[in-house]
Amino acid sequence: MMIIHKEHALRRFCEVPLKHAASRILLERIWQNRKMLQRLVFVTRRDCLPNTMVVAQEGANEIAFRLQLSEIEAESLSLANGQLIKEQRKMGINQIDDPLLAWEALQDFGGLLHVELAFQGEIPDWYLEIAVPNEAVPPSIQPPGFAAFVRDQVELLLWAVTLKNKIDTALRTGDKELFLEVVPLYKEVCRSCFWQL
């Protein structure tokens, strides 16, 4: 999904009051941050997905706000005194119900974020066109959106190819900073893509 569509979706969602007043501030910050917008994946349901955020409009039958970042095993490689050193860190599940605290947590988050926007009443068509159906939820309780799902999977595949090219360039030129920035995002995109890369 193109970044402009994501920004438009967030702006449109904020046209009515939100259950948690600070949610609007968070969403405004997100739509102004191109890198963060790239990492958003809109979903029809967030059940059983890692790294999720739900934001509800006033009157929706959903919690007002919640950001849940899954346990992450981070692996880093560094070169010290001519030797390659491999470090592993484990971070626990982080659940935040305050949008302003969520903004701080998202500053250190580099993966894909599955976002469910909860509407008052029926889900509008414009959201169904951009939201990916959650394969973990049975289709009988899931709104239609297969076309959006296929589009997003193709976009993820193309994004993975682009990121892989950046990794290859970083390795060829010895750009350690670019390499360390792109690899975690590439791994997250690969995990989210249904095709094996």
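Refer to the structure printed above.
For the structure given in this document, a descriptive report is provided here. The shown structure was predicted, so the numbers you read here are calculated from the model rather than taken from an experiment.

With that settled, consider the sheet that holds strand S7 (residues 113-118). Across the sheet, 5 strands lie side by side as S1-S7-S2-S3-S6; this open sheet has mixed pairing. Every interior strand has two partners, whereas the edge strands, strand S1 (40-42) and strand S6 (94-96), have only one. Shown here is a sheet whose adjacent strand axes are inclined to one another by a mean of 20°, direction ignored. Of the strand pairs in this sheet, S1 and S7 are connected by 3 bridges, and their pairing is parallel. Bridge pairing in S7 places Leu-40 opposite Leu-113. Against the sheet, helix H2 (residues 22-31) makes contact with S1, strand S2 (52-56) and strand S3 (65-69), and its axis sits at roughly 125° relative to S2, the strand it touches most. The strands touched by helix H4 (residues 99-107) are S3, S6 and S7; relative to S3, the strand with the most contacts, the crossing angle is about 25°.

If you walk through the whole model with that rule in mind, you get 8 salt bridges. Between Lys-35 and Glu-181 there is a salt bridge, and its shortest N-O distance comes to 3.2 Å. Residue Lys-35 is found in helix H3 (residues 34-38), and its partner Glu-181 is found in helix H7 (residues 176-192); the two are separated by 146 residues along the sequence. Given the relative accessible area of 43%, Glu-181 is considered partly exposed.

In contact at an axis separation of 8 Å, H2 and H4 are set at 25° when each is read in the N-to-C sense. Between H2 and H4, the interaxial angle falls into the category roughly parallel. Residues Ala-22, Ser-23, Ile-25, Leu-26, Arg-29 and Ile-30 of H2 form the contact with H4, whose own contacting residues are Pro-99, Leu-100, Ala-102, Trp-103 and Leu-106. For the contact of H2 with H4, the residue count by class is 9 nonpolar, 1 polar and 1 charged.

Okay, H7 next. Between the first and last C-alpha of H7 there are 25 Å, a value that for 17 residues agrees with the 24 Å anticipated at 1.5 Å per step. At Val-182, H7 is deflected by roughly 25°, the largest bend along its length, and proline Pro-184 occurs up to four residues later in sequence. For H7, the complete set of buried residues consists of Val-182, Val-183, Leu-185, Tyr-186, Glu-188, Val-189 and Ser-192.

As a further point, take unusual backbone geometry. Although it is not a glycine, Asn-51 adopts a positive phi angle of roughly 50°. Checked against the element boundaries, Asn-51 lands in the loop between S1 and S2.

Let us look at the side chain of Lys-6. Here Lys-6 is to be found in helix H1 (residues 3-13). Only 3.2 Å separates the side chain of Lys-6 from the backbone oxygen of Leu-37, close enough to count as a polar contact.

Attention shifts here to the packing of aromatic side chains. Summed over all chains, the structure comprises 5 aromatic pairs. Measuring from centroid to centroid gives 5.2 Å for Phe-13 and Phe-119, while their planes differ by 90°, and the two rings are edge-to-face. Taken together, the residues Phe-13 in helix H1 and Phe-119 in the loop between S7 and helix H5 (125-130) connect sequence positions 106 residues apart. Grouping residues by exposure puts Phe-13 and Phe-119 together as buried.

How each quantity is defined
Residues numbered from 1 in each chain as written. Predicted model: local features only at pLDDT ≥ 70, side-chain atom pairs only at ≥ 80, totals over all residues. Heavy atoms only, no water. Pairing = 2+ DSSP bridges. Helix = DSSP H or I, 4+ residues; strand = E, 2+ residues; numbered from the N terminus. Axes fitted to C-alpha atoms, helices over the stretch in contact; angles between N-to-C directions. Contact = heavy atoms within 4.5 Å. Salt bridge = Lys/Arg side-chain N within 4 Å of Asp/Glu carboxyl O. Buried < 20%, exposed > 50% of the residue type's maximum accessible area, 1.4 Å probe, protein only. Parallel < 35°, antiparallel > 145°, perpendicular 65-115°, else oblique. Nonpolar A, V, L, I, M, F, W, Y, C, P; charged D, E, K, R; others polar. Expected span 1.5 Å × (residues − 1). Bend = angle between axes of the 7 residues up to and from the residue. Polar contact = N/O pair within 3.5 Å; in protein donor to acceptor, adjacent residues only side chain to side chain. Phe/Tyr/Trp six-rings, centres within 6.5 Å; stacked < 30°, edge-to-face > 60°.

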